[in-house]
Structure formats: structure tokens, C-alpha cells
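# Examination of the molecular architecture
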Amino acid sequence: MTNTINLMLAGPRGKMGSEALKLVERTDHFQLVACLDRKHDGMNINDIDGLPNLDAPIYTDANQAFDEVNADVLIDLTNPEVGYEHTRLALLHRVRPVVGTSGFTTEQLNEIKRLSEDYQTGVVIAPNFAMGAVLMMRFSQMAAKYFPNVEIIEKHHDQKLDAPSGTAVKTAQMIEEARESQKQGHPEEKETMSGARGADYDGFKIHSVRLPGYVAEQEVTFGQAGQTLKVTHSSTDRYSFMSGVHFAVEQVIEHDEYIYGLENLME
Ligand SMILES: NC(=O)C1=CN([C@@H]2O[C@H](COP(=O)(O)OP(=O)(O)OC[C@H]3O[C@@H](n4cnc5c(N)ncnc54)[C@H](OP(=O)(O)O)[C@@H]3O)[C@@H](O)[C@H]2O)C=CC1
Ligand SMILES: O=C(O)C1=N[C@H](C(=O)O)C[C@H](O)C1
């Protein structure tokens, strides 16, 4: 029999958090022990209309929640400021974070890694939980060795707070590891409208599109004389992220170290 995993979820009323509640509801060995929310302190998840009928107390004070509740894993699906604080607190309490929240700075990720090492507590930072997106990143990394000229175009819904997306940043880092660094485009190119060429990363460009109608999409386009290669992935439903959340929760229990990207757990 699989051991029960006690979960604390931050952001239960959000687009991802509410989908994660459904995942918990349909997974026998996942037990929701508390939620961290911006509102509804002292209430219960099953008091809130529209959310699954799960019996778990709501806390607005994360410190209090970690002091009072015995959780194995924190799933954070909030925003960069709050998510970073939750992740720090979880590690200080030796609760293993699974972080879907995007928009952390390099300094914040380094601090999370340091805390994970100091407290010997596993943490999974997942820029994208969708398995197809993880493969898209890996395929892009493979292509970058042979096609060093590349641009990333990521497209998201217009409620997204951070740009570029966490997926685009991670893809860029993976490409950087594989390709010979170079500055792309004409050496004398000039923007006649600010931002026209997108953000710069290691000499190549990242473009962020924000429109209603999208969930999440990314196209990585490679070019060389006479040919182009595109690697694309689309999430059309947030259900696409849930098998990755499930996988990350089960994996973080088995690891005591900092893991940045699900690809590091898949091979
Ligand atoms: N890794 C991945 O695969 C994916 C990651 N994401 C990332 O997950 C995060 C959440 O995305 P999404 O669900 O779309 O965003 P939403 O805005 O729909 O949800 C965020 C939730 O966090 C809540 N929140 C804000 N402050 C606090 C707080 N202090 N304590 C607890 N909860 C708080 C918000 O509450 P309120 O509404 O009251 O402000 C809201 O319910 C984002 O960073 C996004 O980029 C998204 C999809 C996939
Ligand atoms: O905000 C979102 O929606 C998403 N955020 C993550 C990111 O920043 O890459 C993952 C996915 O793209 C959806």
C-alpha cells in the first residue's frame, strides 16, 4: 500500500490551485491537511463555494500553519513574492516544497537551494508541470547544439503576472548550456519602437505574448541558411499540469536536495 502524503496547498482559489484540489480529491494517498490563502482565515475548504468538498483548515498566516500543522509537502501555486516566502518558511520547517509558482529571481532560487542544503530538505521547483512542455524544453536543448540561432516565443493568458514565463527562462537556460554562445541578428540592428526585438538572453531573444484565449503555449524557432526548425507545445487546459504535480509530490518525498525542472527527475 502507498503511504499517505500530507499536503499543504497555497493558492487553493486560484486557477491552478483549484485544479490541484481536484487532483487531491481523486488521489487516494494524497491527504489535504491545510491551505494557505489570502482570505478566509479560520474557515475550511469545504465552506467555500465552487471548491471540492475537502476537509482542510484555511490559514492566512503561513508561519502559524507550519507551526500547527504536520505537513509532508507544500504545493505552492500563488505569485512570486508570496510563493518565495512560503517556500522559505516550508524549508525552515523541513516541509518539502513543490513549487509551480513562476517569476523567482536567480538570487531567490539560489537562496532556496541554500536552505534546501542547510535543512537537508528536498524541494522541486517546476517551471512547467506539463510533461509535453518538459519534452519541448529537452528537444529544444538537443536542437540548440546543431542550430545555435534561436528565438523563443511564449504565449499566455492576459492574467499572467510575470514575463518572460518561467518556462521560457528555463528553456533559455537549457539552450544556453547546449549551444555555443553568440549574439544574433544584424550587429547594427536598431529598434525604432522600444521592445520590438524582445528580451535578450545570452545573445538571443525571448518574446512574450499576453492575450485572452491562451492557457500556455511556447514555440522555439531555430534558423540556419535554407531551413527553420520549430519545437512547440500548447497547454489548452490546466488539467495538463496535474500529472506533473502528482509526479513532483511523489518525487520530492524521495529526494533531500534542490531540483530545478522535472526533466531532472524523468531520466
Ligand atoms: N509550473 C507550472 O506548470 C505552472 C505554473 N503556474 C504558475 O502558478 C502560479 C499561479 O497561477 P494561477 O493559478 O494561474 O494564478 P491565480 O492568480 O489564478 O492564482 C493565484 C492564487 O494565489 C492566491 N494568493 C495571493 N496571495 C496569497 C497569499 N498571501 N497566500 C495564499 N494565497 C495567495 C491568490 O488569491 P487572490 O485571488 O485572493 O489574490 C490566487 O487565488 C503563477 O505563478 C503561475 O505562473 C501556472 C500554471 C502552470
Ligand atoms: O502562468 C501560467 O499560466 C503558466 N506559468 C508557468 C510559466 O510561467 O511558465 C507555466 C505555464 O506556462 C503556465
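Residues numbered from 1 in each chain as written. Chains lettered and ligands numbered in written order. Predicted model: local features only at pLDDT ≥ 70, side-chain atom pairs only at ≥ 80, totals over all residues.

Here the focus is the pairing of strand E11 (residues 227-235). Pairing geometry for strand E10 (residues 216-224) and E11, over 9 bridges, is antiparallel. Looking across to E11, one finds that Gln 218 is bridged to His 233. What sits between E10 and E11 in their antiparallel hairpin is a turn of 2 residues, with Gly 226 showing a positive phi close to 85°. (Pairing = 2+ DSSP bridges. Helix = DSSP H or I, 4+ residues; strand = E, 2+ residues; numbered from the N terminus.)

Glancing now at the domain arrangement of the protein chain. Split by domain assignment, the protein chain resolves into domain 1 (5-125 + 239-266) and domain 2 (131-236). Between domain 1 and domain 2, the C-alpha centre-to-centre distance is 28 Å. Between domain 1 and domain 2, the contact holds 12 residues from the first and 10 residues from the second. At the level of secondary structure, the elements contributing two or more residues to the side of domain 1 that touches domain 2 comprise helix H7 (242-252) and helix H8 (263-266). (Domains from an automatic or database assignment. Contact = placed C-beta atoms within 7 Å.)

Take the site of ligand 1 next. For ligand 1, the set of nearby residues contains 24 residues, the closest of which are Gly 11, Gly 14, Met 16, Gly 100 and Phe 129. Counting residues per element, the shell around ligand 1 draws most heavily on helix H1 (residues 15-26), at 3 residues. (Near = placed C-beta within 6 Å.)

On to the packing of helix H5 (residues 131-144) against helix H6 (residues 166-178). Running from amino to carboxyl end, H5 crosses H6 at an angle of 30°, the nearest separation of the two axes being 8 Å. When the axis of H5 is compared with that of H6, the two are roughly parallel. Seen from above, H5 lies across H6 with right-handed handedness. In this structure, H5 uses Ala 133, Met 137, Ser 140, Gln 141 and Ala 144 to contact H6, whose residues at the interface are Thr 167, Lys 170, Thr 171, Met 174, Ile 175, Glu 177 and Ala 178. (Axes fitted to C-alpha atoms, helices over the stretch in contact; angles between N-to-C directions. Parallel < 35°, antiparallel > 145°, perpendicular 65-115°, else oblique. Left-handed = near helix turned anticlockwise from the far one by under 90°.)

Here H6 spans 19 Å end to end across 13 residues, near enough to the 18 Å set by a 1.5 Å rise per residue. Listed as buried for H6 are Gly 166, Thr 167, Ala 168, Val 169, Lys 170, Thr 171, Ala 172 and Ile 175. Looking at the packing, one finds that the buried side of H6 touches H5, strand E7 (150-156), strand E8 (199-201), strand E9 (204-210) and E10. (Expected span 1.5 Å × (residues − 1). Buried ≥ 20, exposed ≤ 12 C-beta atoms within 10 Å, placed from the backbone.)

We now examine the sheet that holds strand E3 (residues 58-59). Strands pair in a sheet through their backbones, by hydrogen bonds, and they do so in one of two ways: parallel or antiparallel. Taken in spatial order, the 7 strands make up an open sheet running E3-E2-E1-E4-E5-E6-E12, and their pairing is parallel. With partners counted over all chains shown, the strands left at the sheet margins are E3 and strand E12 (258-260), one partner each. Here 4 bridges tie strand E1 (residues 5-10) to strand E4 (residues 73-76), and the two strands are oriented parallel to one another. Within E4, the position partnered with Leu 9 by the bridge is Ile 75. Those strands touched by helix H4 (residues 106-118) are strand E6 (123-125) and E12, and its axis lies near 150° from that of E12. Sitting on the sheet, H7 is in contact with E1, E4, strand E5 (96-99) and E6, with an inclination near 160° to E5.

Take the UniProt feature "active site" (unreviewed entry) in the protein chain next. The UniProt record marks His 156 and Lys 160 with the feature "active site" (unreviewed entry), using the residue numbering of this structure. Topologically, His 156 is positioned in strand E7. Classification of His 156 by C-beta neighbours within 10 Å gives buried; the count is 22. Once you skip the residues sitting within four places of it in the chain, His 156 turns out to touch Ser 165, Arg 210, Tyr 214 and Ala 216. With respect to the helices, strands and loops of the structure, Lys 160 is situated in the loop between E7 and H6. The exposure class of Lys 160 is partly exposed, given the 16 C-beta atoms found within 10 Å. (UniProt positions renumbered as here; feature names shortened; annotations may be inferred.)

Note: E7 against E9, 6 bridges, orientation parallel. The partner of His 156 across the bridge, within E9, is Arg 210. As defined by bridge partners, E8 adjoins E9 across 3 bridges and the pair is classed as antiparallel. Counted as the bridge partner of Asp 200 is Lys 205 from E9. Connecting the antiparallel pair E8 and E9 is a turn made up of 2 residues, with Asp 202 showing a positive phi of about 50°.

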